[in-house]
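# Chains, contacts and geometry: an overview
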Amino acid sequence: MNKKTLIIVNPHAAGGHSWEIFKQIESKLEKAFGQLMVAVTQKPDDVPQHLNAAAKANVKRLIVIGGDGTSHVALNALANRPELKMTFGSIPVGTGKDFSRLLHIPSEPEKAVDWLANAKPLPCDLGKIEYLDMKSGGKPSMRIFHNIASAGVSGEVDSRVNRARRRTSLTFLRATIATLLKYRPQRISVRCDEKEFYSGKSYLLAVANGQYFGRGMWIAPQAAVDDGLFDVVLVEGMPRRRILLALGTVFSGKHIRRDDVHLTRAALIEVHSEDGPLGLDLDGEEGLGQDLRFTILRSAVNILRSQG
């Protein structure tokens, strides 16, 4: 590979050790990808300016070193600049690593570099959510997601995770259990491809481009990032004891066999809550929204991934 590569490092990922991880693999990255243009992002707003600088240098490949949130920010910035046509890749060093789990990217950084060096730029769908952002007073908002966007209990789970002083392999699970013990399912109506899909109380609506969220929860086992459709998974409102028992089936994907879990595939999903705003999880980033509209963006970005 002889093109220049932009490396974006999130210094807050990996418990603040992502820069150290980059320095450990820097020479390996140079050998695999040639000349590197390295940028450190202190905040999400930094990413567009790094893309602008990379575009002027004719960079056609972007690799992020961070978690799912870092990839989320970078892909949102790329989606706003489709003329750049940059291939995207990631070295996962965050807490969740859910999109990299789908792509089978090794968790060890040096092995991840080898994996990326042998990967191919292949078309990947992205998701778009439009909604009234209740955190900004109800203003219309739009976000891009590459993995999974969900509404309901997951928004509160994100809030708990983000407040955690120290994240471990159990942080997501503990936050999920603590939230389920208090969360009250909201009444929602859901339309998929302009047909009624569900109306009633719901714990969770997941709109999946990828398969995993919440650090390994296999919420959409049959989802594919290049089929032009979302996998939609809705978990009904149910007694608290039953939802806690159902939680154990999510890691194996067996929840999709349950009668109180509804599945479909669609390119357009519209959601209205009768009980006020819904908590949102957008690739692990929390939000609060009303009147949600999800649309698929087919083959929106080339991502380095295995053809196997």
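Residues numbered from 1 in each chain as written. Predicted model: local features only at pLDDT ≥ 70, side-chain atom pairs only at ≥ 80, totals over all residues. Heavy atoms only, no water.

## What about the overall build of the protein chain?
Let me state the cut-off plainly: Comment: elements are numbered from the N terminus, with helices defined as DSSP H or I runs of at least four residues and strands as E runs of at least two. Computation of the radius of gyration draws on C-alpha atoms alone. For the globule rule, the value is 2.2 Å times the number of residues to the power 0.38. Residue burial is assigned from relative accessible area. The probe radius is 1.4 Å, only protein chains are included, and a residue is buried under 20% of its type maximum, exposed over 50%, and partly exposed in between. Whether two residues are in contact is decided by their heavy atoms, any of which lying within 4.5 Å being enough. For the accessible areas, the method is Shrake-Rupley and the probe is 1.4 Å, while residue cover comes only from the protein chains on display.
Helix and strand counts for the protein chain come out as 8 helices and 14 strands. Rg of the C-alpha trace for the protein chain: 19 Å, near the compact-globule value of 19 Å for 308 residues, within the 12% margin. For the C-alpha atoms alone, the extent of the protein chain along its principal axes is close to 55 × 40 × 35 Å. Among the 308 residues that make up the protein chain, the fraction classed as buried is 52%. Considering only contacts within the protein chain whose residues lie at least 6 apart along the sequence, 73% involve residues at least 24 apart. Only carbon and sulfur atoms are counted for the fraction: they give 48% of the accessible area of the protein chain, which is about 14200 Å².

## A look at the environment of Leu181
As for its position among the elements, Leu181 is in the loop between helix 7 (171-180) and strand 8 (186-192). Put simply, Leu181 and Arg241 are 60 residues apart on the chain and 8.9 Å apart in space, counted from C-alpha to C-alpha. Ignoring anything within four residues of it in the chain, the contact list for Leu181 reads Arg240 and Leu244.

## Observations regarding the side chain of Gln290
Basically, it comes down to this: Polar contacts, as used here, are pairs of N or O atoms within 3.5 Å; protein pairs need one atom able to donate a hydrogen and one able to accept it. Residues neighboring in sequence count only if both atoms are side-chain atoms.
Secondary-structure assignment places Gln290 in strand 14 (residues 285-305). At 3.3 Å, the side chain of Gln290 forms a polar contact with the backbone nitrogen of Ser273. Beyond its immediate sequence surroundings of up to four residues, Gln290 is in contact with Tyr131, Leu132, Met134, His272, Ser273, Gly276 and Pro277.

## Description of unusual backbone geometry
With a phi close to 70°, Glu194 is a non-glycine residue in the positive phi region. Under the relative-accessibility criterion, Glu194 is labelled exposed at 56%. For Asp283, which is not glycine, the phi torsion reads 55° and is therefore positive. Relative to the assigned elements, Asp283 resides in the loop between strand 13 (278-282) and strand 14. With relative accessibility at 5%, the residue Asp283 sits in the buried group.

## A closer look at the side chain of Ser154
The topology assignment puts Ser154 in helix 6 (residues 153-163). Here Ser154 is in contact with Leu204 and Asp281, once residues within four sequence places are set aside.

## Some points on the pattern of salt bridges
Oppositely charged side chains may form a pair once their charged atoms are brought near each other. Basically, it comes down to this: Salt bridge criterion: a side-chain nitrogen from Lys or Arg within 4 Å of a carboxyl oxygen from Asp or Glu.
Applying the stated rule across the entire model yields 15 salt bridges. Lys135 is paired through a salt bridge with Glu286; the nearest N and O atoms lie 3.2 Å apart. A residue pair is termed long-range when its members are at least 10 positions apart, and Lys135 in the loop between strand 5 (120-133) and strand 6 (139-145) and Glu286 in strand 14 qualify at 151 residues. Classification of Lys135 by relative accessible area gives exposed; the value is 54%. Given the relative accessible area of 29%, Glu286 is considered partly exposed. With its nearest N and O atoms 2.9 Å apart, the salt bridge here joins Asp260 to Arg258.

## Some points on helix 5 (residues 109-118)
Spelled out, the test is: Think of it as the arc spanned by the lines of direction from the helix axis to the C-beta atoms.
Of the positions making up helix 5, those classed as buried are Ala112, Val113, Trp115 and Leu116. Along the axis of helix 5, the buried residues cluster in a sector spanning 165°; they form a single face. Exposed residues lying more than 90 degrees from the buried face of helix 5 are Lys111 and Asn118. Those residues of helix 5 that are buried are in contact with helix 1 (18-33), strand 3 (61-66), strand 4 (87-92), helix 4 (98-103) and strand 14.

## Focus: empty space enclosed by the protein
The line we're drawing: Cavities and pockets were defined on a 1 Å grid built from protein atoms only: a cavity is a group of points that admits a 1.4 Å probe but offers it no way out, a pocket is an open group of points flanked by protein on both sides within 12 Å along at least five of seven lines, and a lining residue is one with an atom within 4 Å of any such point. Grid points are joined across faces, edges and corners, and a volume is the space filled by probe spheres set on the points. The classification used treats Ala, Val, Leu, Ile, Met, Phe, Trp, Tyr, Cys and Pro as nonpolar, Asp, Glu, Lys and Arg as charged, and all other residues, Gly among them, as polar.
Applying the stated criterion to the full structure yields 2 cavities of 30 Å³ or more. In this structure, the largest cavity is lined by Gly66, Gly67, Asp68, Ser71, Ser90, Ile91, Pro92, Phe99 and Ser100. For the lining of the largest cavity, the secondary structure elements donating two or more residues are helix 3 (68-79), strand 4 and helix 4. Tallying contributions element by element places strand 4 first for the lining of the largest cavity, with 3 residues. For the lining of the largest cavity, the residue count by class is 3 nonpolar, 5 polar and 1 charged. If you add up the space inside the second largest cavity, you get close to 50 Å³. Residue lining of the second largest cavity: Ala151, Gly152, Ile188, Ser202, Tyr203, Leu204, Leu205, Val271 and Leu278, and that is the complete set. Broken down by element, the lining of the second largest cavity gets its largest block of residues, 4 residues, from strand 9 (residues 195-208). Of the residues assigned to the lining of the second largest cavity, the class counts are 7 nonpolar, 2 polar and no charged.

## What to know about the pairing of strand 1 (residues 5-9)
Note the following rule: In short, DSSP must find at least two bridges between two strands for them to pair. Note on handedness: a crossover is taken as right-handed if, strands pointing away from the viewer, the path from the first strand over the helix to the second is clockwise.
Judged by how many residues are buried, strand 1 sits mostly within the fold: 5 of 5 residues are covered. The alternating pattern of strand 1 places Thr5, Ile7 and Val9 and Leu6 and Ile8 on opposite faces, both of which are buried. Where strand 1 lies against strand 3, 5 bridges are found, and the strand directions are parallel. Residue pairing across strands places Val9 opposite Ile65, the latter belonging to strand 3. Relative to strand 2 (residues 36-40), strand 1 runs parallel, the two being bridged by 5 bridges. Counted as the bridge partner of Ile8 is Ala39 from strand 2. What joins strand 1 to strand 2 is helix 1, and the crossover it makes is right-handed.

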